[in-house]
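In case you want the letters, here they are:
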Amino acid sequence: MAEEGLLANANALIEQLQEKIKNLELQLDSQSSEKTESQAKSRTEGARLTKSAGKEISEDEGRIGGPFEKNPNPEFINNRIEVFERLYKKKQDEIASKEKEPIKVTLPDGNVIEGKAWETSPMDVAVGISKGLANSVYVAKVRYTRRLGEKQQITSGMDELDEVEELGFDKGELWDLTRPLEGDCLLELLKFDEPEAKMVFWHSSAHVLGECLECTFGSHLTVGPPVDPGFYYDAYMGDNGIEAADLKTLEAKAKKIVKEKQEFQRLVLTKEEALEMFKDNPYKVSIIKNKVKDGSLTSCYRNGPLIDLCLGPHIPNTGKIKAMELKQATTAYWLGSDKNDSLQRVQGISFPDKKLMSEHKKMVKLAEENDHRKKGLEQDLFFFHPLSPGCGFWTPHGARIFNTLLAYIRAEYVKRGYSEVVTPNIFNSDLWKTSGHWEHYRDDMFTFTDGEEEGQTFALKPMNCPGHCLIFGNRVRSYRDLPMRLADFGVLHRNEASGALTGLTRVRRFQQDDAHIFCRQDQVKSEVLGALNFMKSVYDTFGMTFKLERSTRPKKACGLVDDEGNPDPEGIALWDQAEAALADALDEFIGKGNWRDNPGDGAFYGPKID
């Protein structure tokens, strides 16, 4: 009877919660760029520059900016252009001398276009189909079936779009529309509604902003990646800040750059050439010296007077940007540490259509009006306090909603064969080392040392996976025990950067509807289908929609190589089986063509569905 009463209360509150969830979804979309993406990833940004490919950038290079005075159109711009033009001519001459062998370009619909290697570009293909198509695409995706010559392994050492190259996507390379093709290939032409095209568009917009900063203030540029939605650029300006009036000046400059329709030109460089090119920028020099390996190649892009170290690709020219606004300027730090040089971070948003900018502004305004932090206080549901940052305080009214949601999910557990467990909050670091989490997530964990036993490090759990593995391994299990579905509402803690904390959407203490299923390989597909149907039932209850992606193995996935660093056929086969099982389950659940791949974004220990 008690359970029936809880279920009745749950059903009574569900309709009220639906509207709150819709408002929260709106705010999540806005906040993902407003703060979490553009301001708050200092720890992640620092890690990407200090711990990615190549050797780490040491703390000794934390303060390298030196004296700075604002200086419009500094001389180093002309010096850099001289180096670029000399090397670019040499590169173009090399391309012109290559044999223009006939190639076949296959489109997604199966049509085959005849072309010539080192001459025909994706833009040529688009124009040949229709001018309308050529005007509506922003980048290409190429998968070679016969490549003439070897693929150049290039890294920019930057934290912009390097992941595309590093993760070894098997779905093709993103390719400049104006860059000549290098062999027989499958070609996709991407419009703005494709996620990759948006990232390229916003990345190119960041280069426009970089040009504004260099030409207007003589700033030393550091990194300028795209975010979702928008972009930013971090620049060194000594003790100078960027005020509201400066943003207007930069915006006016950006409009001129857009009107000029500056073409983006790509140039591949040796490490030595890159050091010569960027000798006047201490931050680019530091990145090149540390992140670009000796004997390897990197690349840069030019638009107008700006030349920037960059992997690319980019949109054809700046004229593609029809609407662009700079939102704010904040303080950031070189390598993500406040012990290093202080930088000015300018954030912006851009679109290929003014209507899209208007729609974006409407969504931002609606999200601000429905800010869940404001609603939480107004309705006396929850609040936050500086003495426990990132940890919500649930008032009696909020606790009723919280507990009603728990009751609803617990009833679903019973219906779907899950068993609830309770696990400790604190574990010895040895557990996290065994699971692999210590290597990947240590910086995001709250750790402490046992004062009585020297050398014993413990951590508050940031996830339940290893604890559930200990329960499973606590005694001998039979295959007849499988599947075993363990669920846990345990309290989790993650040491999120202080700037990343955003109401209930990014916290340090939280509980989640968390479960782990132990099953045989032949049960994987049916269990994944069961989990997907569970998800759909909950989403349908609250009037929420979803899209599905299969995130496949990352470059540093465990089990792909043996202890000696050689490929491990058994481990590779296991990853293949797991990814195939997810694909089969997705096809059956939602139908072929209704989900997409997200290559390289799986967990280090296995593929996943997002």
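Below is a short write-up of the structure. (Residues numbered from 1 in each chain as written. Predicted model: local features only at pLDDT ≥ 70, side-chain atom pairs only at ≥ 80, totals over all residues. Heavy atoms only, no water.)

As for the pattern of salt bridges
- With the rule as written, the count across this model stands at 31 salt bridges.
- The residue E173 makes a salt bridge to R147 at a minimum N-O spacing of 2.5 Å. You can see E173 sitting in strand β4 (residues 173-175) and its partner R147 sitting in strand β3 (residues 137-147), a full 26 residues away along the chain.
- The exposure class assigned to E173 is buried, which follows from its relative accessible area of 18%.
- E196 serves as the salt-bridge partner of R596, at 3.5 Å between the closest nitrogen and oxygen. You can see R596 sitting in strand β24 (residues 596-598) and its partner E196 sitting in helix α7 (residues 195-217), a full 400 residues away along the chain.
- The network of salt bridges with common partners includes K141, E194, E196, E549 and R596. (Salt bridge = Lys/Arg side-chain N within 4 Å of Asp/Glu carboxyl O. Helix = DSSP H or I, 4+ residues; strand = E, 2+ residues; numbered from the N terminus. Buried < 20%, exposed > 50% of the residue type's maximum accessible area, 1.4 Å probe, protein only.)

Section: the packing of aromatic side chains
- Applying the stated rule across the entire model yields 27 aromatic pairs.
- Centre to centre, the rings of F84 and Y88 are 5.3 Å apart; their planes meet at 15°, and the pair counts as stacked. In this pair, F84 and Y88 are both assigned in helix α3 (residues 75-97), four residues apart and thus about one turn of the helix distant.
- Classification of F84 by relative accessible area gives buried; the value is 1%.
- When the centroid spacing of 4.9 Å and the interplanar angle of 10° are considered together, the rings of F383 and F393 count as stacked. With F383 in strand β13 (residues 382-383) and F393 in strand β14 (residues 393-394), this pair connects stretches of sequence that are ten residues apart.
- F383 gets classed as partly exposed once you look at its relative accessible area, which sits at 33%.
- A network of ring pairs unites the aromatic residues Y138, F192, F201, W202 and F351 as a single cluster.
- If you follow K98 out to its NZ or CZ, it ends over the ring of W118, 4.5 Å from the centre. (Phe/Tyr/Trp six-rings, centres within 6.5 Å; stacked < 30°, edge-to-face > 60°. Lys NZ or Arg CZ within 6 Å of the ring centre and 35° of its normal.)

Looking at the sheet that holds strand β2 (residues 112-116)
- The sheet built from five strands is open, its strands ordered β2-β1-β5-β3-β4 with mixed pairing. Of all the strands in the sheet, the pair left with one neighbour each is β2 and β4. The sheet shows a mean angle of 35° between the axes of neighbouring strands, taken without regard to direction.
- Sheet topology places strand β1 (residues 102-106) next to strand β5 (residues 183-191); two bridges connect them, and they run parallel. From the neighbouring strand, T106 faces β5, where its bridge partner is L186.
- Packing against the sheet, helix α4 (residues 122-129) makes contact with β1, β2, β3, β4 and β5, and its axis sits at approximately 65° to β5.
- Packing against the sheet, α7 makes contact with β3, β4 and β5, and its axis sits at approximately 115° to β3. (Pairing = 2+ DSSP bridges. Axes fitted to C-alpha atoms, helices over the stretch in contact; angles between N-to-C directions. Contact = heavy atoms within 4.5 Å.)

Quick notes on the side chain of N281
- Here N281 lies in the loop between α9 (271-277) and α10 (282-291).
- Each residue touching N281, except ones within four places of it in the same chain, is listed here: R80, H220 and L221.

Looking at the sheet that holds strand β22 (residues 514-518)
- Pairing within the open sheet is mixed, and its three strands lie in the order β15-β19-β22. Looking at which strands have only one partner, the edges of the open sheet turn out to be β15 (419-420) and β22.

Quick word on a positive patch on the surface
- Positive charge collects at one region of the surface, where K248, K255, K259 and K354 lie side by side.
- For the positive patch, the element with the most residues is helix α8 (residues 244-259), which contributes three residues.
- K354 gets classed as exposed once you look at its relative accessible area, which sits at 61%. (Patch = residues over 30% accessible without salt bridge, like charges linked within 9 Å, V, L, I, M, F, W, Y side chains within 5 Å. Areas by Shrake-Rupley, 256 points an atom, 1.4 Å probe, with all protein chains shown as cover. Lys, Arg positive; Asp, Glu negative; His and termini not counted. Charge placed at Lys NZ, Arg CZ, Asp CG, Glu CD.)

Description of the packing of helix α13 (residues 396-416) against helix α17 (residues 524-541)
- Between α13 and α17, whose axes approach to 12 Å, the crossing angle comes to 145°. In this structure, α13 meets α17 at a crossing whose hand is right-handed. Note on element contacts: α17 touches α13 through N533, F534, S537, V538 and T541, opposite Y408, I409, E412, Y413 and R416.
- The residue makeup of the contact of α13 with α17, split by class, is five nonpolar, three polar and two charged. (Left-handed = near helix turned anticlockwise from the far one by under 90°. Nonpolar A, V, L, I, M, F, W, Y, C, P; charged D, E, K, R; others polar.)

Some details on α8
- Taking 1.5 Å per residue, 16 residues should reach 22 Å; α8 reaches 23 Å between its end C-alpha atoms and fits that length.
- Buried residues of α8: D246, L247, L250, E251, A254, I257 and V258, and no others. The buried residues of α8 all sit within an arc of 140° when viewed along its axis, so they share a single face. The exposed residues of α8 that point more than 90 degrees off its buried face are A245, K248, K255, K256 and K259.
- Elements that come into contact with the buried residues of α8 comprise α7, β11 (323-333) and β12 (342-351).
- Directly beyond the C-terminal end of α8, a positive phi value near 50° is found at K261. (Expected span 1.5 Å × (residues − 1). Arc of directions from axis to C-beta.)

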